[in-house]
Amino acid sequence: MNIKVKEILKDVFSLDNDTADHEEIKNRLEDGGQITGTNMCVLVLAIFIASIGLNMNSTAVIIGAMLISPLMGSIQAAAYGTATANMRMFRKSMIGLVFQVIICLITSTLYFCISPISTTTSELLARTHPTIWDVLIALFGGIAAIIGITRKEKSNVIPGVAIATALMPPLCTCGYGIATGQWRFFWGAGYLFLINSYFIFFASTAILLILKVPREKEFDMEKWKKVKRKIIRNTVIMVLPSIIVAYSMVQNSSGDSDKSDITGFEKDSVDIATVTKEVNVLFPEINKLEVSIVESVNKKDEISEKRVICITLPEKLAKDREKMLKDWMQEVYNEPCEIYQKTGE
């Protein structure tokens, strides 16, 4: 009975049934790791899209950038080079990845240097505190991605993995940190990128070894033991800080509300003068902006607080512009607000 159950489970979870030809797998991964032509053009476009999405706090735009980013291709190609003992392919892919990272940092830094909007959005902040959960997402995502790319027929796994294991947004967040001189963004987002890259590489290499892709030469067992020890060491080094951060987040989660004021800002992150300046860039017809908090009491004598945005302008704001302003303020403040308009001044 136990033997039958094992056989059934082995058949259900087998990766061999619809595996593509090894030559086809190699060609796919080599093409994905190219850093010239189409891939580089798409990379630069993805950088700008991701940077704009982070700048304007737009999740949909960021997802679009992650879907078209070719960064994962270089990582998977390097994993194939490792699994097949093809050191030439491994070195070429890693050099290509480093080049792509440099291009990402330069381009995103230039964008944030010239952008008139410098608000620290929630999308930017979300990339600065990687935890053990990000490690697990990268690991499972990397497994799913390499399984998807080694099938006879390409599945829709890759787009989902690209969204889950974000590579482009952390690099663009690093660019924001460089452009604004906020190095905590650079180090935090840089660590998130390293986590995602390393565990995608780790998972891809493991699955390719399980699939027994043909090697260019057999591993020297002594060298292979040294490599495995290095892999274990590197994995511990990569995971340990994320565990510490996760533990700290869990311990402090109950006190997080005390660190923020009613406006939804972290107290030291943004002031009203900065927001006013940026509103004036996006909505030049607004002459003045004030933020105030009003308290209201319901029938149960419960007191609630509501923010009122008071803007001054020569004439009434158009309905579409008013909606746009409300939407933007909600993104910035991370909660709904009401707008009271007055003319004059």
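Now for a quick tour of the structure. Remember, predicted model here, so these are calculated numbers, not experimental data.

1. Here we look at the pattern of salt bridges
Here comes step 1: This structure, assessed with the given rule, holds 2 salt bridges.
Here comes step 2: With its nearest N and O atoms 3.1 Å apart, the salt bridge here joins Arg28 to Glu24. With Arg28 and Glu24 both in helix α2 (residues 22-32) and 4 residues apart, the pair spans about one turn of that helix.
Here comes step 3: Glu24 sits in the partly exposed class, given a relative accessible area of 36%.
Here comes step 4: Between Arg127 and Glu123 there is a salt bridge, with its nearest N and O atoms 2.6 Å apart.
Here comes step 5: A relative accessible area of 12% places Arg127 in the buried class.

2. With respect to the side chain of Thr235
Here comes step 1: By secondary structure assignment, the location of Thr235 is in helix α12 (residues 221-252).
Here comes step 2: Relative accessible area serves as the criterion here: at 18%, Thr235 is assigned to the buried category.
Here comes step 3: In this structure Thr235 touches Tyr198, Phe199 and Phe202, once residues within four positions along its chain are discounted.

3. With respect to helix α8 (residues 132-149)
Here comes step 1: In a regular helix each residue adds 1.5 Å, so 18 residues correspond to 26 Å; α8 covers 26 Å between its end C-alpha atoms and thus fits that length.
Here comes step 2: Inspection of α8 places Val135, Ala138, Leu139, Gly141, Gly142, Ala145, Ile146, Gly148 and Ile149 among the buried residues, and these make up the whole buried set.

4. Focus on the packing of helix α5 (residues 71-83) against helix α6 (residues 87-114)
Here comes step 1: Packing of α5 against α6 leaves a shortest axis separation of 7 Å and a crossing angle of 160°. Considering the angle they form, α5 stands roughly antiparallel to α6. Here α5 and α6 pass one another in a crossing that is left-handed. For the pair formed by α5 and α6, the contact residues are Leu71, Ser74, Ile75, Ala77, Ala78, Tyr80, Gly81 and Thr82 on the first element and Met87, Met89, Phe90, Ser93, Met94, Leu97, Gln100 and Cys104 on the second.
Here comes step 2: Per-class residue counts for the contact of α5 with α6 are 11 nonpolar, 5 polar and no charged.

Procedures and definitions
- The numbering scheme is per chain: residues are counted from 1 as the chain's sequence reads.
- Two thresholds apply to this predicted model, a pLDDT of at least 70 for residue-level local features and 80 or more for giving and counting side-chain atom pairs, whereas whole-chain, interface and lining totals are computed over all residues.
- Side-chain metrics in this entry use all non-hydrogen atoms of the structure; hydrogen atoms and water are not considered.
- Here a salt bridge means any side-chain nitrogen of Lys or Arg lying within 4 Å of a carboxyl oxygen belonging to Asp or Glu.
- Each helix is a run of H or I in the DSSP string that is no shorter than four residues. Each strand is a run of E no shorter than two, and both are numbered from the N terminus.
- The buried label goes to any residue with under 20% of its type's maximum accessible area, the exposed label to any with over 50%, and the partly exposed label to all in between, with areas taken from a 1.4 Å probe on protein chains only.
- Only heavy atoms enter the contact rule, under which two residues are in contact if any of them lie within 4.5 Å.
- To estimate how far a helix should reach, multiply one less than its number of residues by 1.5 Å.
- Every axis corresponds to a line fitted to the C-alpha atoms, with the helix fit spanning only the stretch in contact, and the corresponding angles, defined between N-to-C directions, vary from 0 to 180 degrees.
- Just so you know how the angles are binned, under 35 degrees is roughly parallel, over 145 roughly antiparallel, 65 to 115 roughly perpendicular, and the rest oblique.
- A clockwise turn of the near helix away from the far one marks a right-handed crossing, whereas an anticlockwise turn of less than a right angle marks a left-handed crossing.
- Side-chain classes follow a simple rule in which Ala, Val, Leu, Ile, Met, Phe, Trp, Tyr, Cys and Pro form the nonpolar group, Asp, Glu, Lys and Arg form the charged group, and the remainder, Gly included, forms the polar group.

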